[in-house]
Amino acid sequence: MKVTFRIKRFNPETDARPHWEEYEVEAEPVDRVLDGLHYIKWYLDGTLAFRRSCGHGICGSDAMMINGRNRLACKVLLKDLGRKVVVEPLRGFRVIKDLVVDMEPFFAKYRAVMPYLVNNDPAPEKERLQSPEERARYDDTTKCILCAACTTSCPIFWANGQYIGPAAIVAAHRFIFDSRDQAAAARLEILNDRSGVWRCRTVFNCTEACPRGIDVTKAIEDVKRAILLSRF
Ligand code: SF4
Ligand code: F3S
Ligand code: FES
């Protein structure tokens, strides 16, 4: 089938502002948007820039806005989109070129919540054990692939780039509720900041956008409740 790709292009070296370009792609219904982008880059216009790595929904590098929704290009089949596919970069980040955005501010917020296990006790001889129930408390948020689809679909983030955003809160949740970790209070203090969890207005765009099916809004609510119950 023939599919028209309408792509928002921007090259800061030559363009004053973004513009749209259209490409006709010969595709199979079961091809993905990523296959279409590869076709364009390899056969029609080698200057098109986009990120991808794994091609299978694991690395999180090809999040972009597809027909108005944040999706992973490698996980969306063309047959589910019809004959016209509109592709734009993630909203709220500086565009480096075409569909490639500057992720550094996003990762700075991720690093700010200490996304690693903190435990200052002497290392045990074997594993630090935890029960299945303790493990279940943070299972959902272990699935995050840091694609940024959630943060860049949040209207609060669009209005105020200082907001730490749902992805960083998900990363913090994964450790705050880990029974082996000892830095929950420090993370809760960081998220209690004026740019932290209280900026969230429970819009749910983040949960809708997450390609891993994480209940992002629930994770944020878990953290808000933990702050209210804690005495750090
Ligand atoms: Fe992506 Fe979901 Fe992680 Fe947000 S929570 S960064 S949408 S995987
Ligand atoms: Fe934004 Fe998600 Fe909260 S969309 S307002 S972070 S529920
Ligand atoms: Fe890795 Fe799509 S290319 S998630």
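All figures in this text were calculated on a predicted structure; none of them were measured in a lab. (Residues numbered from 1 in each chain as written. Chains lettered and ligands numbered in written order. Predicted model: local features only at pLDDT ≥ 70, side-chain atom pairs only at ≥ 80, totals over all residues. Heavy atoms only, no water.)

Participant: Give a detailed account of the site of ligand 1, specifying residues and quantitative values.
Facilitator: In the region of ligand 1, 13 residues are neighbours, and C144, C147, A148, C150 and C210 sit closest. Of the residues that constitute the shell around ligand 1, the class distribution is twelve nonpolar, no polar and one charged. (Near = heavy atom within 4 Å. Nonpolar A, V, L, I, M, F, W, Y, C, P; charged D, E, K, R; others polar.)

Participant: Lay out helix 5 (residues 166-176) in plain terms, naming residues and giving numbers.
Facilitator: Counting buried positions along helix 5 yields eleven of eleven residues, so the element is predominantly enclosed. Considered for burial, the residues of helix 5 that qualify are P166, A167, A168, I169, V170, A171, A172, H173, R174, F175 and I176. Those residues of helix 5 that are buried lie in contact with helix 2 (104-112), helix 6 (184-191), helix 7 (205-209) and helix 8 (216-229). (Buried < 20%, exposed > 50% of the residue type's maximum accessible area, 1.4 Å probe, protein only. Helix = DSSP H or I, 4+ residues; strand = E, 2+ residues; numbered from the N terminus. Contact = heavy atoms within 4.5 Å.)

Participant: Describe the sheet that holds strand 4 (residues 69-72), naming the residues involved and giving the relevant values.
Facilitator: Read from one edge to the other, the open sheet built from five strands follows the order 2-1-5-3-4, with strand pairing classed as mixed. The two strands at the open ends of the sheet, each matched to only one other strand, are strand 2 (19-26) and strand 4. When the angles between neighbouring strand axes are averaged without regard to direction, this sheet yields 35°. Bridge count between strand 3 (residues 63-66) and strand 5 (residues 84-88): two bridges; the pairing is antiparallel. Each residue of the ladder has a partner; that of I66, found in strand 5, is V87. Together, strand 1 (2-9), strand 2, strand 3 and strand 5 form the strand contacts of helix 1 (residues 33-44), whose direction differs from that of strand 2 by roughly 95°. (Pairing = 2+ DSSP bridges. Axes fitted to C-alpha atoms, helices over the stretch in contact; angles between N-to-C directions.)

Participant: I'd love a proper account of the pattern of salt bridges, names of residues and values included.
Facilitator: What the rule picks out here adds up to 21 salt bridges. The partner of D45 in a salt bridge is R9, and the shortest N-O contact between them spans 3.1 Å. With a gap of 36 residues between them, D45 in the loop between helix 1 and strand 3 and R9 in strand 1 connect regions that are remote in the sequence. R9 gets classed as buried once you look at its relative accessible area, which sits at 5%. Residue K143 pairs with D140 through a salt bridge whose shortest N-O separation is 3.1 Å. D140 gets classed as partly exposed once you look at its relative accessible area, which sits at 25%. By sharing partners, the salt bridges in this structure join R9, E21, D45, K97 and D98 into a single network. (Salt bridge = Lys/Arg side-chain N within 4 Å of Asp/Glu carboxyl O.)

Participant: Explain the site of ligand 2 residue by residue, including any values.
Facilitator: Near ligand 2 lie 13 residues; those nearest to it are C154, C200, R201, F204 and C206. Contributing elements (two or more residues each) for the shell around ligand 2: helix 7 and helix 8.

Participant: Go over the pairing of strand 5 with me, naming the residues and quoting the values.
Facilitator: Inspection of the sheet shows strand 1 paired to strand 5 by four bridges, in the parallel sense. Counted as the bridge partner of R6 is V86 from strand 5.

Participant: Can you lay out the side chain of R187 for me, pointing to particular residues and giving the numbers?
Facilitator: Among the structural elements, R187 can be located in helix 6. The contact partners of R187, leaving out residues within four places of it in the chain, are V113, M114, Y116, V118, A172, F175, I176 and D181.

Participant: Requested: an account of the packing of helix 5 against helix 8, with residues and values cited.
Facilitator: Contact geometry of helix 5 with helix 8 gives a least axis separation of 9 Å together with a crossing angle of 60°. Classified by the angle their axes make, helix 5 and helix 8 are oblique. The hand of the helix 5/helix 8 crossing is left-handed. Listed contacts from helix 8 to P166, I169, V170, H173 and I176 of helix 5 are V216, A219, I220, D222 and V223. Its residues placed into classes, the contact of helix 5 with helix 8 shows eight nonpolar, one polar and one charged. (Parallel < 35°, antiparallel > 145°, perpendicular 65-115°, else oblique. Left-handed = near helix turned anticlockwise from the far one by under 90°.)

Participant: How would you sum up unusual backbone geometry? Please name residues and give values.
Facilitator: Here the phi dihedral of D98 falls at roughly 50°; this positive angle occurs in a residue that is not glycine. Along the polypeptide, D98 turns up in the loop between strand 6 (95-97) and strand 7 (100-101). Relative accessible area serves as the criterion here: at 2%, D98 is assigned to the buried category. Positive phi is not limited to glycine here, since M114 has a value of about 55°.

Participant: How would you summarise the environment of P29 if you had to cite specific residues and measurements?
Facilitator: With respect to the secondary-structure elements, P29 resides in the loop between strand 2 and helix 1. Residue classification places P29 among the partly exposed positions, given a relative accessible area of 35%. Sequence-wise, P29 and V86 are 57 residues apart; in three dimensions their C-alpha atoms are separated by 16 Å. Those residues in contact with P29, other than ones at most four positions away along the chain, are M1, L77, L78 and K79.

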